[in-house]
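Working through the structure, step by step
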Amino acid sequence: MSRLAALGQIAGGIASGVVSEGLSRLAKGERPHLRDLLLTPSNARKAADQLSRMRGAAMKLGQMASLDPGEFLPPEMQAIFSQLRSSAHFMPPGQLSACLASAWGPDWRRHFSQFDMTPVAAASIGQVHRAVLVSGRAVAVKVQYPGVARSIDADIDNVATFLRLSGLVPAGVDLAPHLAEAKRQLHEEADYLREADQMRRFRTLLAGDARFVAPAPVEDLVRPTVLPMDFVDGVPLERLAAASQATRETAMRAMADLALSELFTFGVMQTDPNFGNYLWRPEDGRIALLDFGAVRPVSFDSADAYRVLLRAISSGSVDMVRAALVDMGYLSPAQVARHGRALDEMTATLLHHTLKAPDGLVDFGDRGPLVAVRERAQPIFADRSLWALPSPDKMFLQRKITGMALLAMKLRVRLPVFDMLSDYA
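Residues numbered from 1 in each chain as written. Predicted model: local features only at pLDDT ≥ 70, side-chain atom pairs only at ≥ 80, totals over all residues. Heavy atoms only, no water.

**Quick word on the overall build of the protein chain**
Just so we agree on the cut-off: Only DSSP runs of H or I with at least four residues qualify as helices, and only runs of E with at least two residues qualify as strands; both kinds are numbered from the N terminus onward. A contact between two residues is defined here by any heavy atoms of the two lying within 4.5 Å. Surface accessibility follows the Shrake-Rupley procedure with a 1.4 Å probe radius. Residue values consider only the protein chains on display as shielding.
The helix and strand tally for the protein chain stands at 16 helices and 13 strands. Restricting to contacts in the protein chain with at least 6 residues of sequence separation, those with at least 24 account for 72%. As displayed, the protein chain offers around 19,800 Å² of accessible surface, 58% of which is attributable to carbon and sulfur atoms.

**Topic: the pairing of strand β4 (residues 138-144)**
Short version of the rule: Each residue's exposure class comes from its accessible area (1.4 Å probe, protein chains only) as a fraction of the maximum for that residue type: buried when under 20%, exposed when over 50%, partly exposed otherwise. DSSP-based pairing: two strands are paired if at least 2 bridges between them are found.
Among the seven residues that make up β4, six are buried, leaving the element largely enclosed by the rest of the structure. Sheet analysis places strand β3 (residues 126-133) next to β4, joined by seven bridges and oriented antiparallel. Note on β4: the bridge partner recorded for V128 is K142. The pairing of β4 with strand β6 (residues 226-230) spans five bridges and is antiparallel. Within the sheet, the bridge partner assigned to V143 lies in β6 and is V226.

**A word on helix α10 (residues 245-266)**
To keep things clear, this is the line we draw: Multiplying one less than the number of residues by 1.5 Å gives the expected span of a helix. Across the chain, bend at a residue is computed as the angle between axes fitted to the seven residues ending at that point and the seven starting from it.
Compared with the 32 Å implied by 1.5 Å per residue over 22 residues, the 29 Å span of α10 between its first and last C-alpha is a close match. Along its length, α10 reaches its greatest deviation from straightness, about 25 degrees, at L260. G267 sits one or two positions beyond α10 and adopts a positive phi of about 80 degrees.

**Observations regarding the nonpolar core**
The following threshold applies: We call a set of buried residues a nonpolar core when its members are Ala, Val, Leu, Ile, Met, Phe, Trp, Tyr or Cys and they connect through side-chain atoms within 4.5 Å of each other.
Counting 87 residues, the largest nonpolar core has W104, F112, V141 and M252 as its most contacted members. With 10 residues, α10 is the single largest residue contributor to this core. Excluding its chain neighbours within four sequence positions, the residues that come into contact with V141 are W104, F112, F115, Q127, V128, H129, A131, V226, L227 and P228. Counting residues in each nonpolar core, the second largest holds six residues, with I152, I156, L186 and A190 among its members.

**Quick look at the side chain of S302**
Note that S302 resides in helix α11 (residues 300-315). Take S302: its relative accessible area is 2%, and that puts it in the buried class. With near-sequence residues (within four places) excluded, S302 lies in contact with D393, K394 and L397.

**Notes on the packing of aromatic side chains**
What counts, and what does not: Here is the rule: rings of Phe, Tyr and Trp (six-membered ring for Trp) pair when centre to centre is within 6.5 Å. Planes less than 30 degrees apart are stacked, more than 60 are edge-to-face, and the remainder are tilted. Charges are assigned to positions over rings by a cutoff of 6 Å between ring centre and Lys NZ or Arg CZ, combined with an angular limit of 35 degrees from the ring normal.
What the rule picks out here adds up to seven aromatic pairs. Aromatic side chains W104 and F112 sit 5.5 Å apart centroid to centroid with 45 degrees between the ring planes, which places their arrangement in the tilted category. Each member of the pair, W104 together with F112, is buried. Residues W108 and F115 carry aromatic rings whose centres are separated by 5.1 Å and whose planes lie at 75 degrees to one another, so their mutual orientation is edge-to-face. With respect to burial, W108 and F115 carry one shared label: buried. Directly above the aromatic system of F231 lies the positively charged group of R130, at a separation of 3.8 Å from the ring centroid. The ring of Y192 has K142 lying over it, and the distance from NZ or CZ to the ring centre is 5.5 Å.

If you want it as structure tokens, here you go:
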């Protein structure tokens, strides 16, 4: 109930902001649109601050909003929401000490020659501290917020309640399996023993790939709510935006190759594209992978469905792409029947941008195709009675794929997309 009330505070604060801003603009003789009143820096700041206090599943909603590439949210709002990617309200020292004592015993400090009580990062499920073991090994210690695992089901249920009451999702859309899967995955993310296993797995999978760095867990100190690992130096991934074109494209190619390998070769994918899960190391160009909580298996059916989609894209056939998207559940037959022409035109725009790119390099800095598709998609999206949802498995995989595309747009890179996809079609 307290977390439902906190979400209500967000809604109430935004509503009061809409009224205040609307009256102000009307007094100036303007006729503002509701969207303009909702998407203000003031409202974003209120939402981001409250979500960062709540942490847990609620905070992840704001993290998802922060991945916007710039076509939907104003730059001021992107900057405010971006703080949620690595900046929750962290635990006071007394609470932190109690968490560590619960995991390692009251004399937990005996393991360390140094432990910084101020976190270097604080995210949705836990915060990270820099420390040095008595052996001299520099480590990062992830400590889970007390009670966050217990709040997951309530957060998801509360969001579902808001979606139903607000009418944002049509009554005919069955969210139950997706909400159940979201709960399951978030509970897995809160299990640090499982995350340590996935960290070891990715270290093995990437052992021969010099483009990546993955930390190793401190085996004898891993606990369900505390995960110590190698400390990895680096800078936030967004810093790549100021690097040279060649550097940006080399790093983005590595990230895209990793996502494709996860989907088609490894059989497991880290499905959280939050940029705070990565660091870039300017001194050697390597990318550090920091978070393995959202690793999930890729089913054979889902991987095969994406292969069919890749073959359709490679063929350049609008009909084949449309059929693949219907089979995957991203489009419904009813949508095709009512909006088929617009859907085909949108597909043709993206296929041309991908397959007819000069020198075979798709320019992700060119927002023209995205703007054109967004404009054509608005009436289709507004036709809520025809909404379709793919399986929960595909939704989580698509979250990562979409996140990589948004990163490519932020970094304004050019990539040989056709050649990259043809290796897996």
